[in-house]
Amino acid sequence: MIYVEDKNLVIPGQILADDDYYPGRGTFKEDGKICSSLIGLVSLRNKKIRVIPLKSKYVPKKGDVVIGKINDVRFSMWDVDINSPYSGILPAFEVFGRDKKELNKVYDVGDVLFLRVIDVDEVKKAKLGLKGRGLGKFKGGIIVEISPTKVPRLIGKKGSMINMIKNKTNCKIVVGQNGLVWVKGNEDMEQLTREIIRTIEVEAHTSGLTNKIKNKLCLAIDGELPVEESEEEFVLEKPKLQNFKEELEQEEAEAKLKAESEEIPEDEVESEEIEDETDDAEVEAEEENDAEDKPDFYEVIEELKKKNQNKDKSLSYSDNSNNNSFILNNR
C-alpha cells in the first residue's frame, strides 16, 4: 500500500509505503514500512520509491559533465571548484599530453571551464578531463547556481524546458550536473534568464510549471501572453473487424473490370470487320461496272464494217500485234 503520491513533499520519518514497494535513495525501511530519511519530494517509478532532497550538495559521479572554476594552479594540475564538498583536479597531461607547458598561460585562477568527471576515488575526489564535444573554457557570460537536485527540472523532458528558454531569449545556456549554469547573450536577456532559472528552482515541485514559465517569458519579451492552441478532441473508435475474403474478391473483381475496360469492345471489332467487308464489296462492284462500261474492241470494228458496207465503201485494217495498234483506211 502507498501512502503518498508522486511529487508530494515529505519530512524525515514520514511513512511512505508498505512492503509492496522497494526503498530507494532518501528512504529507509523499518518494521515493514518504507520511511523518508530527509525533507524532499517523492519520486515513484514502478514499484520503487525514493525521496529527492530539496537542497543538497553535488556528489561527483563518473561520466557527469560539470562546470568548474579554477581555484589554484599547481605544478602539474589545476585545482577546480565544482560546487561540491569534494575537490576536483584537472591533471596537466589531460590537456597537454606529455608536452610540458606553463599551466597558468593556458588556464589561470578564476577561469570557468566545462569539464567531464573521468574518475572518482575512494574519498570522492574527482579527476576531471576536457576530452569531449563542447568541453573547454567559457568566455564571457554569467554563472547561475541552483540546487543540483533541480537540474532535471530545469532541463525538462527531452530538453523541453531549457530549449524553450534558449529559443525565447536567444541566449547560449550550458547546464552542469553540479548545479552551475552558464548563460551568455544580451545583457537584459541574461538577467531575465537568471530570474527564470531562480523561479524554476523555487517552484520545481509545482504542477503546470512549463506553462507558467512560457507565459512569463512571453510577457517579458513580447508584452503579451501566448495564443492558446486549441486541441481537437480525439475520439478513439473501436476497430472494425475486417473480412479479408471479401476484400480479396473485391480486389479481383476490380482488377478484372480494369483489364476489360482497356480492351477493344467486341461490337467495335465486329463493326470494323463489317465496314472492311463493305469497302471490299464496293471496290469489286466498281471494278465490275467499269468492266461492263468498257466496249469490246472487235465489236467496234464489226460495227464500223457494217456502216462502210452500207455506204459502198471498203474498209481495210491491219493488226500489228507487236504494238497492238490498228490502222483504219477509208477507200
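Scroll up to find the structure.
Each chain carries its own residue numbering, running from 1 in the direction its sequence is written. Under the rules for a predicted model, residues below a pLDDT of 70 receive no local features and side-chain atom pairs below 80 are neither given nor counted, while totals for whole chains, interfaces and linings still include all residues. The basis for the side-chain values is all heavy atoms of the structure; hydrogens and waters are excluded.

## Thoughts on the nonpolar core
One recurring pattern in soluble globular proteins: nonpolar side chains tend to sit buried together.
Next up, step 1: In this structure, Ile67, Trp78, Val80, Leu90, Leu115 and Leu128 are the most contacted members of the largest nonpolar core, which totals 26 residues.
Next up, step 2: For this core, the secondary structure elements donating two or more residues are strand S8 (65-73), strand S9 (77-81), strand S11 (112-120), strand S12 (126-129) and strand S16 (180-184).
Next up, step 3: We count a stretch as a helix when DSSP gives it H or I for four or more residues in a row; a strand needs E for two or more, and each element gets its number in order from the N terminus. Among the elements that line this core, the one with the most residues is S11, at five residues.
Next up, step 4: Core analysis: the second largest hydrophobic core is formed by 22 residues, Met161, Ile165, Leu192 and Ile197 among them. The nonpolar core is taken to be a set of buried Ala, Val, Leu, Ile, Met, Phe, Trp, Tyr and Cys residues, with the residues joined through side-chain atoms within 4.5 Å. Categorising residues by exposure relies on relative accessible area from a 1.4 Å probe, with only protein chains included: less than 20% of the type maximum marks a residue as buried, more than 50% marks it as exposed, and the intermediate range marks it as partly exposed.

## A look at the pattern of salt bridges
Next up, step 1: Any Lys or Arg side-chain nitrogen located within 4 Å of an Asp or Glu carboxyl oxygen qualifies as a salt bridge. This structure, assessed with the given rule, holds seven salt bridges.
Next up, step 2: For the salt bridge of Asp18 with Lys33, the shortest nitrogen-to-oxygen distance reads 2.7 Å. Taken together, the residues Asp18 in the loop between strand S2 (15-17) and strand S3 (22-23) and Lys33 in strand S5 (residues 33-36) connect sequence positions 15 residues apart.
Next up, step 3: One salt bridge connects Arg74 with Asp72, and the closest N-O pair in it is separated by 4.0 Å.
Next up, step 4: Judged by relative accessible area, Arg74 falls into the partly exposed class, the value being 44%.

## So, the sheet that holds strand S15 (residues 172-175)
Next up, step 1: Ordered in space as S14-S16-S15, the three strands form an open sheet in which the pairing is antiparallel. Single-partner strands in this sheet number two, and they are strand S14 (142-145) and S15. Averaged over neighbouring strand pairs, the angle between their axes works out to 20 degrees when direction is ignored.
Next up, step 2: Pairing geometry for S15 and S16, over four bridges, is antiparallel. From the neighbouring strand, Lys172 faces S16, where its bridge partner is Lys184.
Next up, step 3: The contact criterion used throughout is that any non-hydrogen atoms of two residues lie within 4.5 Å. All axes are obtained by fitting lines to C-alpha atoms, using only the stretch in contact for helices, and the reported angles, taken between N-to-C directions, cover 0 to 180 degrees. The sheet strands contacting helix H4 (residues 187-202) are S14, S15 and S16, and the helix crosses S14 at an angle near 10 degrees. When DSSP finds at least two bridges between two strands, those strands are taken to pair.

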